[in-house]
Amino acid sequence: MATASYPLGREAEKGSLPTISEYLGWSIDHKIIGVQYMVTTFTFFIIAGFMAMLIRWELLTPALDLLSNGQEYNTLFTLHGTIMIFAFIIPMWAGFGNYLVPLMLGAKDMAFPWLNAFAFWMIPPAGLLLLMGYLVGPAEAGWTSYPPLSTIAQYSNDGQTLWALSIHLLGVSSILGAINFIVTIKNMRPAGMSYFQMPLFVWATLATSVIIVLAAPFLAGALTLMLLDRVAGTTFFDATAGGDVLLWQNVFWFYSHPAVYIMVLPGFGVLSEVLSVHARKPIFGYRMIALSSMAIALVGFTVWAHHMFTSLQPELRIPFMITSMIIALPTGIKIFGWLGTVWGGKLRLNGSMLFGLGFLSLFVIGGISGVMLASVPVDIHMHDTYFVVGHFHFVLFGGSVFGVYAGLYHWWPKITGRMMNLRLERIHFGLTYVGFVLSFFPMHFSGALGMPRRVAVYDPALQDLNVLTSLGAFILGISTFVFVANAIWSMRSSEIAGANPWRALTLEWQTTSPPPAYNFVGEPIAFEDPYGYGTDASRAYLDAMEKRFGKSPAFDKDKDRAISSEAPLAPEPSGD
């Protein structure tokens, strides 16, 4: 039981940012590895985003003009999708987990530090393999790489082989990281921290890791069969020689639909952290939000065939339609929990909160269109149209990428020890939100009107919708550089953040910013409820930590950032 006062512990050891050479070399410090993940994957995000700009430039007109032929267009959307999914979103969340999970658990590092470093160093060569396809003829079978386009030589280049090897490396990296997370969360929680006292980001990381360990080996098996078909003359996917062309689709989607939750669940965890802290409210329905992550992880393995409604036996369509709709239930639990969290809260509209609220609003739209596509009649009509493209971008960009930005703004002070520029945060959010809606919402209409995906030449009647989509995409591209400029400004001239500028209760904020080499001096003192804002005990805990580490100087200078130390539930509100 918490009391009104807390021991201060020893004098806090001040941490410092590692040097550039430390970030560029081998390290087993989970914090350095986490930043290596984030910077590397964000670089791939910019590369894939540039490819998206070229795609949308081409689609400004109904005829080919920017690109010389359709094969170049095929290459662009193949590498754009592959890099965004496998080299950006999935490993980016591994970077967040690497940096934050040990700190949130009060641990000094991950369970297997060397394995942690090895898992990261598989990612740069994998990304380079993807891009090296341009030297030998790049992959052009789409990010799903369905046979026969991906297996028969006359339909594909040698870059398709490099594509399969690259995804193999990225998959092995994910499996190694997931094993590390599961062992760390199971064995390295501090004394007194039960599973239901863990931060919800840790719960989300645990659920994500379970999916990876169970699903990624299936993708590895499918990739091995593809490589054998391409280089050893086997015929696993060649129907004319006794193979099964649909085998790839079954195994690929058995991994790749759960992979949607690999990309989104960590964002759910980020959203739970951000909304509670910046609304100064306890999480509404903590246990249900935690358990719903595990429910999504398990039910996610029962829905893969809805990607195959057009080729699936009719008697199998209904069961997969039902499971595809059922999985909306645990997600809905989270949505209502987050709405209950912000309701009546003291919202601090900084970058992390704005992107968190943006995540919430856009993901709901993506979820609604997902329920529509789970219906067999709608899916058969919309299959392989831009309606599907709009849907999954609302889920994966409106969810995952908005979650990444919310997390970066929230934990930037902890990682760097510096504050970001609040005005640039808000400009970045405004451009991103407007650009996103302009870009991806019209896709639902162009898809409903019959525009197929993965084409560079389309019906001139759909040009106005495509121009609007391209305009939004260009705004999105510009918004990215606002974030980059803010990050550079922060490192060069911004104010010091202090240990806990948000007055948060989770353990990563109960050490210096940035943390010292082994995270904590002595054993960290965890508060009994990581979201217990609005009580005398939580105020006493935060005040004790401020006496030990000092109050954040940023809020003394910037009244727009200032927060109340009192959450709305407190009986006697008082300002900082």
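Procedures and definitions
Residues numbered from 1 in each chain as written. Predicted model: local features only at pLDDT ≥ 70, side-chain atom pairs only at ≥ 80, totals over all residues. Heavy atoms only, no water. Helix = DSSP H or I, 4+ residues; strand = E, 2+ residues; numbered from the N terminus. Rg over C-alpha atoms; globule rule 2.2 N^0.38 Å. Buried < 20%, exposed > 50% of the residue type's maximum accessible area, 1.4 Å probe, protein only. Contact = heavy atoms within 4.5 Å. Areas by Shrake-Rupley, 256 points an atom, 1.4 Å probe, with all protein chains shown as cover. Lys, Arg positive; Asp, Glu negative; His and termini not counted. Charge placed at Lys NZ, Arg CZ, Asp CG, Glu CD. 1 Å grid on protein atoms, 1.4 Å probe; cavity = no way out; pocket = protein on both sides within 12 Å on 5 of 7 lines; lining within 4 Å. Points joined across faces, edges and corners; volume = space filled by probe spheres on them. Nonpolar A, V, L, I, M, F, W, Y, C, P; charged D, E, K, R; others polar. Expected span 1.5 Å × (residues − 1). Bend = angle between axes of the 7 residues up to and from the residue. Polar contact = N/O pair within 3.5 Å; in protein donor to acceptor, adjacent residues only side chain to side chain. Phe/Tyr/Trp six-rings, centres within 6.5 Å; stacked < 30°, edge-to-face > 60°. Lys NZ or Arg CZ within 6 Å of the ring centre and 35° of its normal. Core = buried A, V, L, I, M, F, W, Y, C linked by side-chain atoms within 4.5 Å. Axes fitted to C-alpha atoms, helices over the stretch in contact; angles between N-to-C directions. Parallel < 35°, antiparallel > 145°, perpendicular 65-115°, else oblique. Left-handed = near helix turned anticlockwise from the far one by under 90°. Salt bridge = Lys/Arg side-chain N within 4 Å of Asp/Glu carboxyl O.

A.B. asks: I'd like a rundown of the overall build of the chain, residues and numbers included.
C.D. replies: Looking only at helices and strands, the chain features 18 helices and 0 strands. Against the globule reference of 25 Å for 576 residues, the chain gives a C-alpha radius of gyration of 24 Å, in line with a compact fold. Along the first, second and third principal axes, the C-alpha set of the chain runs to 75 × 50 × 45 Å. Within the chain, the proportion of its 576 residues that are buried is 59%. Taking the intrachain contacts of the chain between residues at least 6 apart in sequence as the baseline, contacts between residues at least 24 apart amount to 82%. Summing over all exposed atoms, the chain offers an accessible surface of approximately 22,000 Å²; the carbon and sulfur share of this is 69%. For the chain, the centre of its 30 positive side-chain charges and the centre of its 34 negative side-chain charges are spaced 10 Å apart.

A.B. asks: Tell me about empty space enclosed by the protein, residues and numbers included.
C.D. replies: Summed over all chains, the structure comprises 7 cavities of 30 Å³ or more. When its volume is computed, the largest cavity comes out at roughly 190 Å³. Lining of the largest cavity is provided by 21 residues; of these, I90, W93, A94, F181 and I212 occupy positions nearest its centre. Mapped onto the lining of the largest cavity, the elements with two or more residues apiece are α3 (70-104), α6 (159-187), α7 (200-231) and α8 (245-279). The class makeup of the residues in the lining of the largest cavity is 14 nonpolar, 7 polar and no charged.

A.B. asks: Lay out α3 with the relevant residues and their values.
C.D. replies: Compared with the 51 Å implied by 1.5 Å per residue over 35 residues, the 49 Å span of α3 between its first and last C-alpha is a close match. The largest bend along α3 reaches roughly 30 degrees and is located at I83. With 31 of 35 residues buried, α3 is to be regarded as a mostly interior element. Two or three places before Q71, at the start of α3, stands the capping residue N69, its side-chain oxygen 3.0 Å from that residue's backbone nitrogen. Looking one or two residues beyond α3, the residue adopting positive phi is G106, at roughly 70 degrees.

A.B. asks: Describe unusual backbone geometry, listing the residues and the values that go with them.
C.D. replies: The amide bond that connects P147 to the next residue, P148, takes the cis arrangement and shows omega of 5 degrees. Tracing the backbone shows P148 in the loop between α5 (123-136) and α6. Residue S513 is joined to P514 through a cis peptide bond whose omega torsion reads -5 degrees. Despite not being glycine, R503 shows a phi value in the positive range, around 50 degrees. For R503, the location among the structural elements is in the loop between α16 (463-493) and α17 (536-549).

A.B. asks: So what's going on with the packing of aromatic side chains? Residues and values would help.
C.D. replies: With the rule as written, the count across this model stands at 46 aromatic pairs. Taking 6.3 Å as the distance between ring centres and 70 degrees as the angle between the ring planes, the aromatic pair formed by F394 and F441 counts as edge-to-face. Here the residue F394 occupies a position in helix α14 (residues 386-416), and F441 occupies one in helix α15 (residues 422-448), the gap between them amounting to 47 residues. Looking at F441, the relative accessible area reads 36%, which means it is partly exposed. Measuring from ring centre to ring centre gives 6.2 Å for F397 and F402, while their planes differ by 70 degrees; the resulting arrangement is edge-to-face. When sorted by exposure, F397 lands in the same class as F402, which is buried. One residue, R287, lies across the ring of F196, its end atom 4.1 Å from the ring centre.

A.B. asks: Talk me through the environment of H30; I want residue IDs and the actual numbers.
C.D. replies: By the element assignment, H30 lies in helix α2 (residues 30-58). For H30, a relative accessible area of 0% corresponds to the buried category. Here the alpha-carbon distance between H30 and Y405, two residues 375 residues apart in the chain, equals 21 Å. If we ignore the near neighbours within four places in the chain, the residues touching H30 are N98, Y99, P102, L103, K108, D109, M110, N116 and N519.

A.B. asks: Describe the nonpolar core, and please don't skip the residues or the numbers.
C.D. replies: Within the largest apolar cluster, 164 residues are counted, with the highest numbers of intra-cluster contacts made by F86, F96 and Y255. It is α3 that provides the largest number of residues to this core, a total of 21 residues. Residues contacting Y255, with those up to four places away along its chain left out, are F86, I90, A215, A216, L219 and I262.

A.B. asks: Which residues make up the side chain of T385, and what values do they have?
C.D. replies: When you line up the elements, T385 lands in the loop between α13 (376-382) and α14. For T385, a relative accessible area of 7% translates into the label buried. Leave out the neighbours within four places in its chain, and T385 touches G447, M451, P452 and R453.

A.B. asks: Report on the packing of α14 against α15, specifying residues and quantitative values.
C.D. replies: The interhelical angle for the contact between α14 and α15, taken along N-to-C directions, is 165 degrees, at an axis separation of 7 Å. As summarised for this structure, α14 and α15 are arranged roughly antiparallel, according to the angle between their axes. The two elements α14 and α15 meet at a crossing, and its hand is left-handed. Looking at side-chain class alone, the contact of α14 with α15 contains 15 nonpolar, 9 polar and 1 charged residues.

A.B. asks: Just give me the short version of the environment of M38, but keep the residues and values in it.
C.D. replies: Along the chain, M38 turns up in helix α2. A residue is classified by how much of its surface remains accessible, and M38, at 8% relative accessible area, is buried. Sequence separation between M38 and W304 is 266 residues, and the spatial gap between their C-alpha atoms is 29 Å. What M38 contacts, discounting residues up to four positions off in sequence, is M92, G95, F96, Y99, L408 and I415.

A.B. asks: Describe in detail the layout of surface pockets, supporting the description with residues and values.
C.D. replies: For the second largest pocket, the calculated volume is near 770 Å³. Of the residues forming the lining of the second largest pocket, the biggest block, 8 residues, is contributed by α2. Per-class residue counts for the lining of the second largest pocket are 22 nonpolar, 5 polar and no charged.

A.B. asks: Please provide a residue-by-residue account of α2, values included.
C.D. replies: Over its 29 residues, α2 runs 42 Å from end to end, which matches the ideal 42 Å to within 8%, given 1.5 Å per residue. One side-chain oxygen at the N-terminal end of α2 lies 2.9 Å from the backbone nitrogen of K31; it belongs to D29.

A.B. asks: Describe the side chain of D229, naming the residues involved and giving the relevant values.
C.D. replies: You can see D229 is positioned in helix α7. An unpaired buried charge is present at D229: no salt bridge exists, and R230, the closest side chain of opposite charge, is 9.3 Å distant. From its side chain, D229 meets the backbone nitrogen of T235 in a polar contact 3.3 Å long. Within the local environment of D229, its side chain forms a polar contact with the backbone nitrogen of F236, the two atoms lying 3.0 Å apart. With residues near it in sequence (within four places) discarded, D229 still touches T151, T234, T235, F236 and F237.

These results come straight from atomic positions and should not be treated as a statement about function.
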